[in-house]
Amino acid sequence: MRIRTLTRPEGSAAAPTAKGTAAARSQDSPARRSSQPSRRFRRNGGPGRFAVFAAPGLLAYLALVLVPIGMTTGYSLTNKNPFNPPTRWVGLSNLTSLFSDDDFLKALQNTVVITVIVTLVTNAGGLAIALLLDRRGWLYNALRSVFFVPVVLSAVVVSVIWQSILVDDGLLNAVLRQLGVDHPPGWLSDPGLALYTVSWVIAWQGLGFCVVIYLAGLQGIPQELYEAAAIDGCGPMKRFRNVTWPMLAPAVTINTVMSLIGGFKAYDQIQVLTNGGPGPNTTSTLAFQVVQTAFNGNHVGYASAMAVAMLILVATVSVIALGWLQKREVSA
């Protein structure tokens, strides 16, 4: 039997080696990889499937946020009163009347005072507590949970608890009488003191949120920065000023903006603790005034104008604060 031997013709190219094949595949891989996302996108259904997943959230946002804002804006341009029809178009007269409304201006003043107190107390207190709790151990973990408990509680529950403590014959005044104070302060009944008492309750409930955000910021600071500062001879105060405070800029932004919004929309604590008293509009806020005007006075159009003014004010202050604090983050 003959065996034919195949010989390679002279001048023909050599058979591709394994290394050459791998190199060719590696050259083709970028183009192949670049086409994979688009193929996977088409295979997974394209934009239609993403729209299906996004639709529930978008519909909920539309129904619960955008539609109520649009309806409130429309009502603010009318004299709507469900018990006194017909509803007439009044344009911007409701908004312009707010500038001469003593009740609205008093509520605005109280809201600004509460917002300033809440923002300062929650940020300063939250940072101080976070610095104390930025340690390892089961005790510090337990204390973190304790400080966060008021945040998850309802504002009504917190207000009822503090009301039992702060009323004239409550726990706090009972302790003060035992200590020899014959006439303890009227924390909720004194017109000159009630607003600051309510501000303290609101700040106390929001303190735990700030503590958690500042703790997250502190634990995200690289220890190498503290070691380098210590080698350079920086003491605790210099390390805080030059390392900790600049690195906490994002946490300061979050806590400040959230505290501002929380102070401007304060309502539950006002309703439960003082009901706007003890004197006329002593502790009334913008949110409280909106509810009272709409549901007690049935002036839905005028209350809607208050709500629109409140929305514009909160949005303006938040945008200004956010822009300024974000510039600080970049410069820090």
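Every chain is numbered independently, its residues counted from 1 as its sequence is written. Only residues with pLDDT of at least 70 are given local features in this predicted model, and only at 80 or more are side-chain atom pairs given and counted; all residues enter the totals for whole chains, interfaces and linings. Neither water nor hydrogens contribute to the side-chain values; these are computed over all heavy atoms in the structure.

Draft legend 1. Expanded view of the overall build of the chain. Scanning the chain for helices and strands turns up 14 helices and zero strands. Overall, the chain shows an N-to-C arrangement of helices and strands of α-α-α-α-α-α-α-α-α-α-α-α-α-α. Remark: exposure states derive from per-residue accessible area (1.4 Å probe, protein chains only) relative to the maximum for the residue type, with buried under 20%, exposed over 50%, and partly exposed in between. The buried share among the 332 residues of the chain stands at 33%. The contact rule is simple, with two residues in contact once any of their heavy atoms fall within 4.5 Å. In the chain, the proportion of contacts linking residues at least 24 apart, taken out of those at least 6 apart, comes to 67%. Computed by Shrake-Rupley with a 1.4 Å probe, the accessible areas treat only the displayed protein chains as cover when residues are assessed. Of the roughly 20700 Å² of accessible surface on the chain, a fraction of 66% belongs to carbon and sulfur atoms. Numbering of helices and strands runs from the N terminus; a helix is a DSSP stretch of H or I covering at least four residues, while a strand is a stretch of E covering at least two.

Draft legend 2. Focus on the packing of helix H4 (residues 102–133) against helix H8 (residues 194–219). Simply put, an axis is a line fit to the C-alpha atoms, just over the touching stretch for a helix, and the angle between two N-to-C directions goes from 0 to 180 degrees. Where H4 meets H8, the axes come as close as 6 Å, and the angle between the chain directions of the two elements is 40°. If you check the angle between H4 and H8, you find them oblique. Along this stretch, H4 crosses H8, giving a crossing that reads as right-handed. In terms of residue class, the contact of H4 with H8 is made up of 20 nonpolar, seven polar and no charged. Each angle receives one of four descriptions, namely roughly parallel if under 35 degrees, roughly antiparallel if over 145, roughly perpendicular if within 65 to 115, and oblique otherwise. By convention the crossing between two helices is left-handed if the near helix lies anticlockwise of the far one by an angle smaller than a right angle, and right-handed if it lies clockwise. When residues are grouped by polarity, Ala, Val, Leu, Ile, Met, Phe, Trp, Tyr, Cys and Pro land in nonpolar, Asp, Glu, Lys and Arg in charged, and all others, Gly among them, in polar.

Draft legend 3. Examining the layout of surface pockets more closely. Using a grid of 1 Å spacing that covers the protein atoms alone, one calls a set of points a cavity when a 1.4 Å probe fits there but cannot get out, and a pocket when the set is open and has protein on both sides within 12 Å along at least five of seven lines; lining residues are those with an atom within 4 Å of a point. Grid points are joined across faces, edges and corners, and a volume is the space filled by probe spheres set on the points. Considered as a void within the structure, the largest pocket measures approximately 490 Å³ in volume. Ile202, Gly206, Met258, Gly262 and Lys265 are, among the 19 residues lining the largest pocket, the residues nearest its centre. Elements represented by at least two residues in the lining of the largest pocket include exactly H4, H8, helix H11 (249–264) and helix H12 (268–273). Among the residues making up the lining of the largest pocket, the classes are represented as ten nonpolar, seven polar and two charged.

That is the geometry; function is a separate question.
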